[in-house]
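Tertiary structure, described
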Amino acid sequence: MAWDFAQIHQGVHQDIEGVHDLQALEAFRIKYLGKKGLVSDIFDSLPRLSPEEKPLVGKQVNELRNLLTQLINAKKDEVQQTKKSASSPFFDVTLPGIGWPVGHRHILSQAIDEICGLFEKLGFAVMEGPEIESEENNFEGLNIPADHPSRDGFDTFYLDVADPGDKTKKLLLRSHTSPGQVRIMKAHKPPLAVIIPGKVYRPDAVDASHSFMFHQIEGLLVADDVKFFHLKGLLTTFCQRFFGPDIQMRFRPHFFPFTEPSAEVDISWKHGKKEWLEIMGCGMVHPAVFKAVGYPEGKYTGLAFGLGVERIAMLRYGIQDIRVFFENDQRFLKQF
Amino acid sequence: MKISLNWLKDYVAVGIPGKTLAHKFSMAGMEVERIYSVDGDMIFEIEVTPNRADCLSVLGIAREAAAILGKKKEFPPLSKIKWPSKKFPVTILDKEGCQQYIACVIEGVDMDKTPLWMTKRLKSIGVRSINNVVDIANFCLMETGQPLHAFDYDKLSGQKIIVRRAHAGETIVTIDNVERTLDPSILVIADARQAVAIAGIMGGKGTEVTAQTKNILLESAYFNPILIRRASRKLGLSSDSSYRFERGVDPGSVKTTAERAVMLILKNAGGLLVQAADVRVGKKHMEKPVISVSCEAINSFLGVQLTSAECQRIFTSLDFVVDKGDKGVWHVCPPSFRRDVVGQEDLMEEVARIIGYEEVPSRLPCISATNVAPDPRRQLRNQLKIQCQAQGFDEVVSYSMIHRSDLTKAKLDHLPSLRVVNPLSQDQEMMRPSLFPSLLKIVQMNMNHGEKDLKFFETGKIYMKEGERETLAMIMAGTRTQDWRKPQGGEEVDVYDLKGAFIESVGSIQHPQWVVEPQELPIFEPRQGAVIRDDDKHIGFLGKINQTILQQFGIKQPHVFYAELDLEAVYSTVQSPPPFASLSEYPAIVRDVSLAVPKSIFYQDVLNVIHRQHIPILSKVRFVEQYLGEKIAPDRRGIVISFIYQSSERTLTEQEVNTAHEGLVQTLARDCSAMIR
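Procedures and definitions
- Residues numbered from 1 in each chain as written.
- Chains lettered and ligands numbered in written order.
- Predicted model: local features only at pLDDT ≥ 70, side-chain atom pairs only at ≥ 80, totals over all residues.
- Heavy atoms only, no water.
- Contact = heavy atoms within 4.5 Å.
- Salt bridge = Lys/Arg side-chain N within 4 Å of Asp/Glu carboxyl O.
- Polar contact = N/O pair within 3.5 Å; in protein donor to acceptor, adjacent residues only side chain to side chain.
- Nonpolar A, V, L, I, M, F, W, Y, C, P; charged D, E, K, R; others polar.
- 1 Å grid on protein atoms, 1.4 Å probe; cavity = no way out; pocket = protein on both sides within 12 Å on 5 of 7 lines; lining within 4 Å.
- Points joined across faces, edges and corners; volume = space filled by probe spheres on them.
- Helix = DSSP H or I, 4+ residues; strand = E, 2+ residues; numbered from the N terminus.
- Domains from an automatic or database assignment.
- Pairing = 2+ DSSP bridges.
- Axes fitted to C-alpha atoms, helices over the stretch in contact; angles between N-to-C directions.
- Core = buried A, V, L, I, M, F, W, Y, C linked by side-chain atoms within 4.5 Å.
- Buried < 20%, exposed > 50% of the residue type's maximum accessible area, 1.4 Å probe, protein only.
- Expected span 1.5 Å × (residues − 1).
- Arc of directions from axis to C-beta.
- Phe/Tyr/Trp six-rings, centres within 6.5 Å; stacked < 30°, edge-to-face > 60°.

1. Topic: the interface of chain A and chain B
Taken together, the 93 residues of chain A in the interface contact 88 residues of chain B. Counting every contact that joins chain A to chain B gives nine salt bridges. As a salt-bridge pair, Lys 461 of chain B and Glu 131 of chain A come within 4.0 Å of each other at their nearest N and O atoms. There are 42 residue pairs in polar contact (both at pLDDT 80 or more) connecting chain A and chain B. Tallied by class, the residues present in the side of chain A that touches chain B amount to 47 nonpolar, 23 polar and 23 charged.

2. Examining the layout of surface pockets
If you add up the space inside the largest pocket, you get close to 1800 Å³. Lining the largest pocket are 39 residues, with Tyr 496, Lys 499, Val 516, Tyr 603 and Gln 604 of chain B sitting closest to its centre. For the lining of the largest pocket, the elements supplying multiple residues, two or more each, are helix H15 (495–507), strand S23 (515–518), strand S24 (524–534), helix H18 (603–612) and strand S28 (618–627) of chain B. The dominant element in the lining of the largest pocket, judged by the number of residues it contributes, is H15 of chain B, at eight residues. For the lining of the largest pocket, the per-class residue count stands at 17 nonpolar, 11 polar and 11 charged. Taken domain by domain, the lining of the largest pocket gets at least three of its residues from each of domain 4 (377–573) and domain 5 (589–676) of chain B. Estimates place the volume of the second largest pocket at around 1500 Å³. Taken together, 50 residues make up the lining of the second largest pocket; nearest its centre are Gly 153, Arg 202, Gln 216, Glu 264 and Glu 278 of chain A. Element by element, the count of residues in the lining of the second largest pocket is highest for strand S9 (residues 277–285) of chain A, at six residues. Classifying every residue of the lining of the second largest pocket gives 22 nonpolar, 17 polar and 11 charged.

3. Here's the deal with the domain arrangement of chain A
In terms of domains, chain A is made up of domain 1 (5–87) and domain 2 (107–333). Look at where the C-alpha atoms of domain 1 of chain A and domain 2 of chain A centre, and you get two points 83 Å apart.

4. What to know about the sheet that holds strand S14 (residues 272–280) of chain B
Note on sheets: strands pair through backbone hydrogen bonds, and any given pair is parallel or antiparallel. Residues and elements named next belong to chain B. Read from one edge of the open sheet, four strands run S6-S13-S5-S14, paired in antiparallel fashion. Single-partner strands in this sheet number two, and they are strand S6 (148–152) and S14. Each adjacent strand pair in this sheet contributes to an overall mean axis angle of 20 degrees, direction not counted. By the bridge criterion, eight bridges tie strand S5 (residues 98–107) to S14 in an arrangement that is antiparallel. Note that in S14 the partner of Ala 103 across the bridge is Ala 277.

5. Notes on the nonpolar core
If you look at the biggest cluster of nonpolar residues, it comprises 123 residues, and the most contacted ones within it are Phe 119 and Phe 325 of chain A together with Leu 440 and Tyr 562 of chain B. Ignoring anything within four residues of it in the chain, the contact list for Phe 325 of chain A reads His 106, Ile 107, Leu 108, Glu 310, Ala 313, Met 314, Ile 319 and Phe 332 of chain A together with Val 397 of chain B. With 93 residues, the next largest nonpolar core counts Ala 65, Leu 218, Val 254 and Val 281 of chain B among its residues.

6. Here we look at the pairing of S23 of chain B
All names here are of chain B. In this structure, S23 lies alongside S24, joined through four bridges in antiparallel fashion. Considered in S24, the bridge of Val 516 is made with Ile 532. The hairpin turn running from S23 into S24, its antiparallel successor, is five residues long.

7. Regarding the domain arrangement of chain B
What the domain assignment reports for chain B is domain 1 (2–69), domain 2 (90–286), domain 3 (291–358), domain 4 (377–573) and domain 5 (589–676). Computed over C-alpha atoms, the centres of domain 2 of chain B and domain 5 of chain B are 92 Å apart.

8. Details of helix H19 (residues 654–671) of chain B
Residues and elements named next belong to chain B. In this model, H19 (18 residues) spans 26 Å end to end at C-alpha, consistent with the 26 Å of a helix rising 1.5 Å per residue. Among all positions of H19, only Val 657, Ala 660, His 661, Leu 664, Val 665, Thr 667 and Leu 668 are buried. Projected onto a plane normal to the axis of H19, the buried residues spread over an arc of 160 degrees and lie on a single side. In H19, those exposed residues whose orientation departs by more than 90 degrees from the buried face are Gln 655, Thr 659, Glu 662, Gln 666 and Arg 670. If you follow the buried residues of H19, they end up packed against strand S27 (589–598), H18, S28, strand S29 (636–645) and strand S30 (675–676). In the stretch just after H19, Ser 673 is the one whose phi turns positive, near 45 degrees.

9. Looking at the sheet that holds strand S10 (residues 301–308) of chain A
Taking strand neighbours across the sheet as the criterion, the seven strands line up as S1-S5-S6-S10-S9-S8-S7 (chain A) in an open arrangement whose pairing is mixed. The two strands at the open ends of the sheet, each matched to only one other strand, are strand S1 (125–126) and strand S7 (247–256) of chain A.

10. Comments concerning the side chain of Ser 45 of chain A
Residue and element names in this part refer to chain A. Within the secondary structure, Ser 45 sits in helix H3 (residues 38–45). Taking the relative accessible area as the measure of exposure, Ser 45 reaches 3% and is therefore buried. Looking at Ser 45, its side chain comes within polar contact range of the main-chain oxygen of Ile 42, at 2.6 Å.

11. Quick notes on the packing of aromatic side chains
Within the structure shown, the criterion is met by 33 aromatic pairs over all chains. Each ring, one from Phe 541 of chain B and one from Tyr 562 of chain B, has its centre 6.3 Å from the other, and the planes form 40 degrees; the classification is tilted. Pair noted here: Phe 541 of chain B is in strand S25 (residues 537–545) and Tyr 562 of chain B is in strand S26 (residues 560–566), with a separation of 21 residues, a long-range link. Here the aromatic residues Phe 157, Phe 212, Tyr 317, Phe 325, Phe 326, Phe 332 and Phe 336 of chain A together with Tyr 399 of chain B are joined through ring pairs into a cluster of three or more.

12. What to know about empty space enclosed by the protein
Residue and element names in this part refer to chain B. Across all of its chains, the model carries three cavities of 30 Å³ or more by this definition. Estimated volume of the largest cavity: approximately 80 Å³. Along the walls of the largest cavity sit 14 residues, with Thr 49, Asn 51, Arg 52, Glu 349 and Arg 353 positioned nearest its centre. Here the residues of the lining of the largest cavity sort into four nonpolar, four polar and six charged. Looking at the second largest cavity, its volume works out to about 50 Å³. Contributing to the lining of the second largest cavity are Arg 52, Asp 54, Arg 63, Glu 64, Ala 67, Lys 73, Ser 317, Leu 318, Asp 319, Phe 337 and Arg 338. Looking at side-chain class alone, the lining of the second largest cavity contains three nonpolar, one polar and seven charged residues. For the lining of the second largest cavity, the domains that each give at least three residues are domain 1 (2–69) and domain 3 (291–358).

13. Here we look at unusual backbone geometry
All names here are of chain A. Cis geometry is found at the peptide bond from Pro 190 to Pro 191, where omega equals 5 degrees. Position of Pro 191 among the secondary structure elements: in the loop between helix H7 (179–187) and strand S5 (192–201). Cis peptide bonds are those with omega within 30 degrees of zero, and the linkage from Glu 260 to Pro 261 qualifies with -5 degrees. Considering the arrangement of structural elements, one finds Pro 261 in strand S8 (residues 259–269). Phi angles above zero are rare outside glycine, and Asn 143 is one such case at about 65 degrees. Summarising the element assignment, Asn 143 is placed in the loop between helix H6 (135–138) and strand S3 (158–163). You can call Asn 143 partly exposed: its relative accessible area is 26%. Not every positive phi belongs to a glycine, and Asn 328 is a case in point at roughly 60 degrees. Along the chain, the position of Asn 328 falls in the loop between helix H11 (324–327) and helix H12 (330–333).

The structure is reproduced here in structure tokens:
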């Protein structure tokens, strides 16, 4: 071979390394690509070569020329960029960016939305009812008669206003979201599938797990053939979706005046501490409730459930004190 | 209620460890809340639900245990006592209040120590030993659930018992040494002279049995649960007896318990049963329902597959009497102690409870459709919340009740507010008529923590005589946004920031029809407050909070801004979907005007003049800037307004724009006393 291309390449790379300004780059160009440069010499030598060597050398010299053009262009950019950078003003792109920080939704309103959303996906409609209620809707309509021990769990705040429906009674702050059931059923015929979120009030002394105001979510499903095993199915699905598949549940018989059979639902984490935490009450709608809203006897069956939002949020996020929800410390609000 | 495992074992051979039994109780509806040991005995604390008065005794729990475990009950044999022929005089004057009254007079009792086995049983569940007679009464109460009371017979005037309502103002000193004033709503046990016991609740000090007592009168009765409950609440006095009476005792055990107690007294304290009475009035409380149900109906409702024999066994284990009727229908009669079982649904629960809820399968219901449309307000509210968030505001949730003084401090005491009749503290006395005090308190608390840049919003109810109204409140203070490029790390917010955030947020659900109208309000600084007016209704207000109010709430930062809006008014006027305005393809022509207007003229006045001209080709008016400086008379300010002329049908000519614009400018000069600069 007349030309040692390997050695030429090595020389090219060595030379370009040593180039740091445009003047040296021009000298480099002339050395290789100039009229009397190396590439030109190689081309000139072609007619003298053997027919076997000619195409090989031709190919390699073309490659060499392309490489040199590339190297020269790249070096030119590099030299110009270095020059510009030296004259540019100071800039530190690692300083903090300036945005318009968005606000945060309160964790209770997020939890309510999430829970309602899960039930909406199962076919429920979200409805709301008033916080100021009558005794009739809060108690009697739910099979909680006056002077009955079943009222013991429902200490209630009364207001200094007479009930327009019964002037002998005062209006009250609902002590649970269940009066929403009565309102919905009085206004609509089955089939019904509703979720009723809202604030409820009970004169409980405030401590880490009690608040005189808290949030409940009520569910009601009424149709021709709602059965007890639907209650288990529905709430199991809800808990698995809300708390994740790592959840264990149990249904325990309990008593609520407005459902029969009634149950409490406990959950526990498969890999967590072996303890059961009560999270909601539920049951099959009591026939007395259907009777109170004027549904024909024996025509419908239904299920109902109620859960405390604060309690569920405390369990899910590991919050120890219920009061933190209502203090509205920015450091708390901005965590969610 | 406390239950001793050893005592329980007297009546049912449990045969499983205590902890396992506790779990079984819990899973059958008798929730064991705590287990602890006393002298080698295991004590269960059981939460007995209000419907299960029958379980407020060892025998009641033993019945449950037998049913759950499928074991036999070994109850103490009924005491056969010889009833004396001499009738003790008992008069029931209040037939509604007392349906049965048994009195047994035992003469010559020896007030002595109680047998050790009995004091041990009582001690295990925390009942203090007093003397043999009282201990026996307590023992029978705990064993059977039927309250008893022993009087010192010699201290009863006229040796008779009258069951009546108390006279107005009648007093009694109860055995806890408290004098109590009674009224006719309260049922009492009286002798010839006066009340000697508050029926079903507590006996009187004057007729209490003591170490000196020789002769006793033992009472076992059935009192009306409602009367007992009302009296107990009214007097603020409850006891083991009242707790059971108000839940309803077993009418079937009034006599058997009396007999058991008499037998125990005769055996342990001696004496002779010399007189007795068993007076019954009315039979209603003794009536037992008969419930018709089929195994098929039970299986269908619960979603289980029990055989007829299994169902029957469950009922029998609970002492229910089952009569077979036609076509697989059973007539089920619950025992006298199960007064909670009145309908089919109750039988369903009994079956589910005894087989265990865990045996019921789990199925998703097929929810085909619901007759209720979702509440549209919820969606609007959520949209509003997202926009408030986008404006940088954090959502808060605060209490609906506030302290009366919060209203005064916030200069809102003129608002008619609802009052809570029975608050636990003064902090909960008033239903808030505005969200303002709540948000001020939140700002104050956060500022105390050293936070200066605060933006909060809440959507919550306010309460008035006419009812509750959903309301939006926004409050802000501090820096607009943290910006290290600006002096002091950012610019401080003013009323315009609040107004902008507010209008952007609310505008997302309703194109505002309302105007922000300057008005002096006590809660705002002079000239920096406004009401929000929709036609002639005031639906909100916004402005810079009055300095005195901030000081009253302990807020040291002087620049805090607040807006409140009645969302009910917004919800009721929301148009959905919003109307579409076509996009013009023709060029817009912009004319700027610089005016010097008197300071008495608000920008809104200028806008009103412009809008009154109804210029069809004027498509938009944009405020550009305000000038308050030396180059203008002190009673005037400079404003620059951009007028954008555009038609959706054609390209406007220079001439028609000029004509319209000049006319407009002249009108402004005339109607707003403006000078063109």
